[in-house]
Each structure stands twice: as C-alpha cells, then as structure tokens.
Protein chains: 2
Amino acid sequence: MKKYAVIVAGGSGSRMNSNLPKQFLLLNGKPVLYYTIDTFLNAYDDLEIILVLPEDHVAAGQEIIDAFFDYDRIRLTEGGRTRFHSVQNGLQLITDESIIFVHDGVRCLLSTALIHRCYDAAHEFGSAIPVIDSKDSIRMITEDGNEPLDRNTIKLVQTPQTFHSKILLPAYKIDYKDKFTDEATVVEAFGLKVHLVDGEEHNIKITRPLDLEIAEGMFKPDKVKPPTTGKGDTKTV
Amino acid sequence: MKKYAVIVAGGSGSRMNSNLPKQFLLLNGKPVLYYTIDTFLNAYDDLEIILVLPEDHVAAGQEIIDAFFDYDRIRLTEGGRTRFHSVQNGLQLITDESIIFVHDGVRCLLSTALIHRCYDAAHEFGSAIPVIDSKDSIRMITEDGNEPLDRNTIKLVQTPQTFHSKILLPAYKIDYKDKFTDEATVVEAFGLKVHLVDGEEHNIKITRPLDLEIAEGMFKPDKVKPPTTGKGDTKTV
C-alpha cells in the first residue's frame, strides 16, 4: 500500500539557546532533519514525504531538500498554530488510500526497522503507536500531594504514530481541542482505540543542547543507522 | 547535621552484555561507581558513605575505594535479596540523627547542587525525592487497552531519595512488600507523604550499553561535574 510520512518540524528552537530552530542544528555535520528524512526515504521506495515547517523556516527546509534529496518524493507545506493544525495541513495533501506515518522531525535516530514495524501493525490493526518502558519510577501529582504509579502499566510514547488513511483523514476533520497532544489522542476522540508497538530507546527527541550531546554519543552509524539496502524485512502486502 | 549517603549498587550487569557489573564499567577511564562516590564526598566534608554491594562484588568495590579514596569516610556492606533489603542492610550502620541520601550507584552524573538541594529540602520537610518532567507523552495500559495520561501531572523519579533519619530508620523496620520499588514507597507505607524536588536531566541510570554511550556524550567535566571546591552553596544548618 502507498505510504506517506508527514514529518512535523514546528519547534522554534528557543530551548536550544540558538537562533537556528533545533531541526536545523548539525549532528555530525548534517542537519538533524536530514537524518529523519533520509531514514524514511530508505525505509520504502514508494514512500513520499510531506514536510510541515513553520512559514519562517520553509526556505531553510527547501535548502536541505535541494542539497541532499530527490525533490520528487518530498513536498513541503506550512505548519499551523499547534501540532494538530500542522498535521492537519500536511494531511490535506493526501487523498489516496495509504498508510500514514506522522513523525517528529527532531526524532532523527529512529531506524527503518521501527518504520517497518509501525507499517505492519498499522496495516493489520489500523494504528501503531510506538512506546517504550520507563527506566525510572513514576509518580503522579495529585490534589493533596503525589503518589506512585505502577511502572509496569506506564508507557512513554514516541513517533512515528502510524495510521491507515481511512482512520486518520476523517479523524482530523474534528475541531481542535487542547487535549490533542498527539495523533493518538485525536484518533481516540474520533472514537477508536490505538494499537501500541515497541518503540526504540534511541528514538529520542532532540530539543535541548544536552540532547544533541546525547545524540552525538549514540551516533554510531553501524548501530543506529540501518543499511540503505536493508529492505529484506519489508513486508509485502 | 550529620550526613550519610547509602549508595546501592546491586545490579548484576546482565543488561550490559558484560561480565563486569555495570557499576564497575569504565566511563572515561574510571569506574561508574567512582564518579558517584566522588561527587557525594565532594558535596559535604562531613558526609560519610555506606556502599552496599552484592557479596560477589565486595572485593571489586574495595579495590575502587583503595585506588581512589580515603577509606575513613567510606564503609562497605553486603546487599540483600532486593533493593529494599540492601538499603535495610546499609541503614543498620546508622544510629545517629542525620540526613540520609539513598542513591543508585549507577546514577553517576548527578551534581553536588542536586545533593545540596535534596539535603535542604529533607532538612526542612523530612524528605526530598528528585523528579523530572517527561519529554514524551505518557500512556497507561488498562484492562481493555490503553489511555493517555495528562503529562503535566506525571513525574519521572530519580535518586538520591533523601530523608531525615527520624523518618527513614523507623520506616525500614517494616516487613518487605513487593510494591516497595524505592525508598519513597517504603516511607509512604510507614504513613508519611514525600516531598518532591527538581531532579536533573543528566542524572540518568547507566544500565545498558546505550547508556554508557549517552553518558560519554554528556560527560563534559566543565558541564556535568561541579568544581570540587564548590562548597559555597552549602547551607549552614
């Protein structure tokens, strides 16, 4: 089935103490966003990318595309007021039946194996939300203090949040609510449950200078980046 | 007031794919446990360390102490069946009124500033549990699927979990229960609430090979390690 990756890169970069928005910061000499796009393009030959950027950063995004990629598999559109509105803008470019990945541009260390896992699960169940366990104990702030939660029941949520177009496109016709913090919450408001899959420890968000240091510590191409010819585990559907 | 740091290092290292337990793995040429001990010793001149190690690792722990430290501020004792029992063993060496830090040996990147913050809060409120926000959305597994939690109410729990001896010593007379995943849950079972303080992003647990890479990425002495003479912010009590 046809595949689209809606890559949302809306952050202003204020937490990075830099005028460059964080998705344009350099990791081993290339912009963070380069790695994100490259991994999705390598995951499937028939995958197209819809890159959603704030108006002010469209030119910088275009430069990355021109420098590194074949333009015919990547479209660029402007983001909106919130993540919800940015994803909504990106989805307007999709009309055909497909599997749609929605991914944080700053999660640049995901593997093609994770993309394949999300595709397979979304194809079978309609949705695939990658999650990992917490290594730390978890507490919840309550009205009169705080209390422990059972760590075994808690999951930390990553992207790509992946859906069948028959679910995601109608779900995004809904009116915006503040509680829409990710795509899963929108689909749940549409009345559906979401299916969880195993995420990846190294699939971190790069939003602070510390994260860039962490990413550099983790960035070993033989470990993190899959081989570009690694299509062997692509499920034929 | 007198200070004790009970440093618990009970892990077998199985997740590190190494015969060496993880607290003895080398970070920039020195054992992880070295940094943990060094930071506590630097935090306060009148702080003593009680190092709790599995029987099999006592000799390796003694070697670290002999190689790097003044033995008169560090005592070594054997751990027990669970973290609860190990902490209980360590606390048996403390009889005087004091502030007690209980810390994961594998969290070697904490700062003296965090230790001071925990001391001040435990002195004022009886307890201090360092926590940080989650950067990821959070979901809870339920009987019929999963649901989102409000990320603003969720905290990830770190150590040093810090208490006044008047609270921690009697609390640890309790019988063991499986729900005792950390010291805070023991103190709560004793009937008290715990006070939260701000933790630190870089105060991570080193339990997997990936964590060692992350720690190496973060390990910039001028950023992570406080100056050894940095006692200016020690609160006089």
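First, a word on scope: everything that follows refers to the structure included in this document. (Residues numbered from 1 in each chain as written. Chains lettered and ligands numbered in written order. Predicted model: local features only at pLDDT ≥ 70, side-chain atom pairs only at ≥ 80, totals over all residues. Heavy atoms only, no water.)

1. Regarding the pairing of strand β4 (residues 47-53) of chain A
Looking along a regular strand, one sees the side chains alternate between the two faces of the sheet.
All names here are of chain A.
Link 1 in the chain: Within β4, six of the seven residues are buried, leaving the element largely enclosed by the surrounding structure.
Link 2 in the chain: One ladder, built from six bridges, connects strand β1 (residues 3-8) with β4; its direction is parallel. Following the sheet pairing, V6 is matched in β4 by I50.
Link 3 in the chain: The pairing of β4 with strand β5 (residues 74-78) spans five bridges and is parallel. Residue I50 lies in a different strand from β5, and its bridge partner there is R75.
Link 4 in the chain: Read from β4 through helix α2 (residues 58-68) to β5, the crossover connection turns out right-handed. (Buried < 20%, exposed > 50% of the residue type's maximum accessible area, 1.4 Å probe, protein only. Helix = DSSP H or I, 4+ residues; strand = E, 2+ residues; numbered from the N terminus. Pairing = 2+ DSSP bridges. Right-handed = clockwise from strand over helix to strand, strands pointing away.)

2. So, unusual backbone geometry
For residues that are not glycine, phi is negative in most cases, and the peptide bond is trans in most cases.
Residue and element names in this part refer to chain A.
Link 1 in the chain: The amide bond that connects T159 to the next residue, P160, takes the cis arrangement and shows omega of 15°.
Link 2 in the chain: Relative to the helices and strands, P160 resides in the loop between β10 (154-157) and β11 (161-164).
Link 3 in the chain: Backbone geometry places N28, a non-glycine residue, at a positive phi of 50°.
Link 4 in the chain: Relative to the assigned elements, N28 resides in the loop between β2 (26-27) and β3 (30-31).
Link 5 in the chain: Classification of N28 as partly exposed rests on a relative accessible area of 48%.

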